[in-house]
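# An overview of the molecular structure
Next come the chains, spelled out residue by residue.
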Amino acid sequence: MRHFGHISPTVRKDLFHQEPAEFTGASPARTLAAALGATLYSPATRPQLAGDIRKQAGRGVVSMVLCLEDSISDGDVAGAEENLVRQFAELDAGGPDAAELPLLFIRVRTPEQIPDLVRRLGGSVRRLAGFVLPKFNESSGSAFLDAVAQAETAAGLARLYAMPVLETPDLLHLETRAGTLAGISRTVNSHRERVLALRLGVTDFCSAYGLRRTPDMTAYDVKIVAGVIADVVNVLSRADGTGFTVTGPVWEYFRSQQRLFKPQLRRSPFLAEGVEELRTALIEHDLDGLLREIELDRANGLLGKTCIHPAHVTPVHALSVVSHEEFCDAQDILRPERGGGGVMRSAYTNKMNEVKPHRAWAERTMLRAEVFGVAREEVGFVDLLTAGLQV
């Protein structure tokens, strides 16, 4: 797999100063966590799920979650499990070359489902990257993570990863938040080699207060949600080697809604590229709000995003590419001769790069550059988005 691998090598060469690197399910966890990108959720009840997965892989999706939890009704769980077993068998029938499938995760409801599903999947379990664990806190988390470890051993797999979802009211409520975060930290640290990333259930956060953000607003405009995101990053995503990758919240909208506020996309980048109609289409489908939220995700320490519609994938990936300016700054900061610290003018002569305070940012930027690539100096977000959408 590789990001932007669905576009032609010629186009990639024109877009990238450094192309995205290839990776597999056996790549280091640090690489996979950064490479998740737009993780596309799909109900496990879809009758043509195997075909859907192949189609989305051809459109640039590199990680998917097949959901047995909130996206399906309680009465559909047994049928959805049977469907997953059939669909994985169909995927596996493609043989070893099916390695170009996305990283596939199953979102379960209970720990008991994990070993049961792994047993029922049989040999096709090799197509499974891991499990998404809902409503995760200290009291539920250990049972979930132990079940993943036991299922991995029983199936003889090298690794099954876990992605806990942080979404419970005790994490949201102020009087229990600190204790809940401390408990989650203890739990995930005791299974550090297995926890690939932490996901945020912002829809559940809003539900606890009867809230729902409009397409004019990002998660960061809902202050009670923004506060939880900040605290999760504070405790669980530190850059001192103890942190985990935390992914961005879901964007719920994909069709035009009535709007109160002005669009959030400037005209000038689209005019310069002669694709103003693309700007219009993005606004009409409420994707300007998504683009703003992606930028705020990264500014607040999140990487990757939960997606519920294929239209959201290309914008997430286009905004994840490292700009040439960011790359030059990171390279300068990480030069061996800079090990003693100091400050310098950036290569673009528009900012200060201070070696010690900016080192952690530079290291994260270089990891993102490895999996998403570095754009050429003259290539911007609009070019990357256009190329991704034209396939």
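See above for the structure.
What this report covers is the structure whose coordinates are included nearby. No experiment lies behind these values; they were computed from the predicted model shown. (Residues numbered from 1 in each chain as written. Predicted model: local features only at pLDDT ≥ 70, side-chain atom pairs only at ≥ 80, totals over all residues. Heavy atoms only, no water.)

### Things to note about the packing of aromatic side chains
We apply this condition: The pairing test for Phe, Tyr and Trp rings, Trp by its six-membered ring, is centres within 6.5 Å, and the orientation test on the planes gives stacked under 30 degrees, edge-to-face over 60, and tilted for anything in between. For each residue, the accessible area found with a 1.4 Å probe, counting protein chains only, is set against the maximum for its type, and the residue is called buried under 20%, exposed over 50%, and partly exposed in between.
The tally for this structure, following the rule as stated, stands at two aromatic pairs. When the ring of Trp 251 is compared with that of Tyr 253, the centres are 6.1 Å apart and the planes differ by 65 degrees; the resulting orientation is edge-to-face. Relative accessible area serves as the criterion here: at 1%, Trp 251 is assigned to the buried category. Of the residues examined, Tyr 253 reaches a relative accessible area of 12% and is grouped as buried.

### Quick word on the sheet that holds strand β7 (residues 199-200)
Which entries qualify depends on this criterion: Pairs of strands are assigned from DSSP output, requiring at least two bridges between the strands. Each helix corresponds to a stretch of at least 4 residues labelled H or I by DSSP, and each strand to a stretch of at least 2 residues labelled E; elements are numbered beginning at the N terminus. Contact criterion: two residues are considered in contact whenever any of their non-hydrogen atoms come within 4.5 Å of each other. Convention adopted: a line fitted to C-alpha atoms gives each axis, helices being fitted over their contacting stretch, and angles between N-to-C directions are expressed from 0 to 180 degrees.
Ordered by their spatial adjacency, seven strands build an open sheet running β7-β6-β5-β4-β3-β2-β8, and the pairing between neighbours is parallel. For this open sheet the edge positions go to β7 and β8 (305-307), each flanked by a neighbour on one side alone. Alignment of strand β5 (residues 130-133) against strand β6 (residues 161-166), held across four bridges, turns out to be parallel. Bridge pairing in β6 links Gly 130 to Tyr 161. Contacting β2 (38-43), β3 (63-67) and β4 (103-107), helix α3 (residues 49-57) crosses the sheet at an angle of about 160 degrees to β3.

### Focus on the pattern of salt bridges
Proximity of charged atoms lets side chains of opposite charge pair with each other. Note the following rule: One side-chain nitrogen of Lys or Arg within 4 Å of one carboxyl oxygen of Asp or Glu is enough to make a salt bridge.
Summed over the entire model, instances satisfying the criterion amount to 30 salt bridges. Between Arg 159 and Glu 152 there is a salt bridge, and its shortest N-O distance comes to 3.2 Å. Of the charged contacts, one joins Arg 212 and Glu 252 as a salt bridge, the two residues approaching to 2.9 Å between their closest N and O atoms. Note that Arg 212 is positioned in the loop between α9 (202-207) and α10 (223-236) and Glu 252 in the loop between α10 and α11 (268-273), a separation of 40 residues in sequence. On the accessibility criterion, Glu 252 (19% relative accessible area) is buried. Each of Glu 69, Asp 70, Arg 107, Lys 135, Glu 167 and Asp 204 takes part in a single network of salt bridges with overlapping partners.

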